[in-house]
Amino acid sequence: MGYNRFLIRHLGIYYMLIASLLFAGTGALSKILSSELSSIEIVFFRNIIGLGLIIWMIYKRPLHQAGGKFWLLAFRGIIGTIGLYAFFYNIAHIDLATAFTFSKTSPIFTALLAAFIFKERLSYLGWFAIFIGFIGILFVIEPTLGVSKDEYIGLLSGIGAALAYTSIRGLRKHYDTRAIVLSFMLCGSAMPLLSMIVGSFYYRPNLDFLISPFVMPSLNGWVMIVIMGLLATAFQIYLTKAYAASKKAGVVAAVGYSDVIFSMIFGLILGDALPDAWAFLGIVMIIGAGILVVRER
């Protein structure tokens, strides 16, 4: 009985650990797929599967909402897709752990946006966390060696996610959650499709994070695409379960940083090198700062 009570009390944490493992697995499959497909094409397949699922959900239970914020809804979809472009490009070009760490800078940028746009007051601990987070970012990108395109794009993944999350605050009173997700999935399918059409006629290697031609996946590629879609869907399910089962969302959000550890393990299996001492310290600082921010807010 005591064990069952302990399990139920911490169910949200267990669900989040499963979600983090599934998310890291999605990233690992994306990295494998990047050997034959562009990151843009991977974003397209990742979203088109989710688009089909969300349309089916809306068909089963139609939307009931006030609406009236179309441009903000469109902005959320576009900026969220740009963040995905950056995230999957990073997965293809740098080690998994660092790519996931860049994406985990989003709470730091979200806190800054909330302070300056919504005039939310941050505690001294919150500002300290932001400071530590930015020092961690400097350690990860090691600016004395020259910031590469991949690292600029890595920061874009965190900033894009932060802008997308911040826009949800202005949308949730006007739109059903499924409509917000639908806008993201629509943009996340249409924008890569347009990028691939343009890439078929005009392609520049230095713009490969924005435009790239469509490449027909191999049979093995199709199998991995389907598995990636299933893992991404299972991730969303367990992520929802985690927050639904927990009374303290901040604790669950902090546990969500475990996907960096899982991604490091998957990366090592796929041949990634361990981060050097400075980069590893930066990763730890970013994770610590992110946990402090989500616990504070």
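What you see is a predicted model, and the numbers here were worked out from it, not measured in a lab.

K.L.:
What is the right way to look at the overall build of the protein in this model?
P.N.:
Counting its regular elements, the protein contains 13 helices and zero strands. In the protein, the succession of α and β elements from N to C terminus is α-α-α-α-α-α-α-α-α-α-α-α-α. When burial is assessed residue by residue, the protein has 50% of its 297 residues classed as buried. For the protein, the share of sequence-separated contacts (at least 6 apart) that also reach a separation of at least 24 residues comes to 85%.

K.L.:
Explain the packing of helix α3 (residues 39–60) against helix α4 (residues 70–93) to me, please; I cannot follow it from the model alone.
P.N.:
Running from amino to carboxyl end, α3 crosses α4 at an angle of 120°, the nearest separation of the two axes being 9 Å. Classified by the interaxial angle, the pair formed by α3 and α4 is oblique. Two packed elements cross with a definite hand, and for α3 against α4 that hand is right-handed. Packed against α3, whose contacting residues are S39, I40, I42, V43, R46 and N47, the element α4 presents L84, Y85, F88 and Y89 at the interface. Looking at side-chain class alone, the contact of α3 with α4 contains seven nonpolar, two polar and one charged residues.

K.L.:
Where do I start with a nonpolar patch on the surface in this structure?
P.N.:
A surface patch of nonpolar side chains, about 620 Å² in accessible area, is lined by L193, L194, I197, V198, F201 and Y202. As for its position among the elements, L193 is in helix α9 (residues 177–201).

K.L.:
I keep staring at the side chain of S189 and nothing clicks. Help me out?
P.N.:
Its place among the elements puts S189 in helix α9. In this structure, S189 is in contact with F44, N47, I48 and L51, ignoring residues within four places of it in sequence.

K.L.:
Would you mind going over the nonpolar core with me for this structure?
P.N.:
If you look at the biggest cluster of nonpolar residues, it comprises 46 residues, and the most contacted ones within it are L33, F87, F88, I91 and F100. If you tally residues by element for this core, the top one is helix α2 (residues 11–33), at eight residues. Excluding residues that lie within four positions of it along the chain, F87 makes contacts with F23, A99, F100, S103 and S157. With eleven residues, the next largest nonpolar core counts I108, L122, I132 and A289 among its residues.

K.L.:
How should the packing of α2 against helix α12 (residues 258–269) be read in this particular structure?
P.N.:
Each pair of packed helices gets described by two things: the angle between the helix axes and the distance between those axes. At their nearest, the axes of α2 and α12 sit 8 Å apart, and the two run at 40° to each other. In terms of axis orientation, α2 runs oblique to α12. Our pair here, α2 against α12, has a crossing hand that is right-handed. Counted together, L17, S20, L21, F23, A24, G25 and A28 of α2 and S258, D259, F262, S263 and F266 of α12 form the full contact between these two elements. Partitioning the contact of α2 with α12 into residue classes produces seven nonpolar, four polar and one charged.

K.L.:
Help me out: how do you make sense of helix α5 (residues 96–103) in this one?
P.N.:
Note: α-helices contain 3.6 residues per turn, so residues at a spacing of three or four share the same orientation. Buried residues dominate α5, accounting for eight of its eight residues. Of all the residues in α5, the buried ones are L96, A97, T98, A99, F100, T101, F102 and S103.

Cut-offs applied
Throughout this description, residue numbers start from 1 for each chain and increase along the sequence as written. Given that the model is predicted, a residue must reach a pLDDT of at least 70 before its local features are reported, and side-chain atom pairs must reach 80 or more before they are shown or counted; all residues, however, enter totals for whole chains, interfaces and linings. Remark: hydrogens and water are excluded; side-chain values derive from all non-hydrogen atoms of the structure. Runs of H or I in DSSP of at least four residues are treated as helices and runs of E of at least two as strands, each being numbered from the N terminus. Between buried and exposed lies partly exposed: a residue is buried under 20% and exposed over 50% of the maximum accessible area for its type, with that area taken using a 1.4 Å probe on protein chains only. Here, residues are in contact when the closest pair of their heavy atoms is within 4.5 Å. Here the axes come from fitting lines to C-alpha atoms, over the contacting stretch only for helices, and the angles between their N-to-C directions go from 0 to 180 degrees. Small angles under 35 degrees read as roughly parallel and large ones over 145 as roughly antiparallel, with 65 to 115 read as roughly perpendicular and the rest as oblique. A crossing counts as left-handed when the near helix is turned anticlockwise from the far one by less than a right angle, and as right-handed when that turn is clockwise. Asp, Glu, Lys and Arg are counted as charged, while Ala, Val, Leu, Ile, Met, Phe, Trp, Tyr, Cys and Pro are counted as nonpolar; the rest, among them Gly, fall into the polar class. Put simply, a patch holds well-exposed residues, over 30% relative accessible area, that have no salt bridge, with like charges counted together within 9 Å and Val, Leu, Ile, Met, Phe, Trp or Tyr side chains within 5 Å. Note on areas: Shrake-Rupley with a 1.4 Å probe; residue coverage comes only from the protein chains shown. Here a salt bridge means any side-chain nitrogen of Lys or Arg lying within 4 Å of a carboxyl oxygen belonging to Asp or Glu. Within this scheme, the nonpolar core is defined by two criteria: the residues are buried Ala, Val, Leu, Ile, Met, Phe, Trp, Tyr or Cys, and they are joined through side-chain atoms within 4.5 Å.

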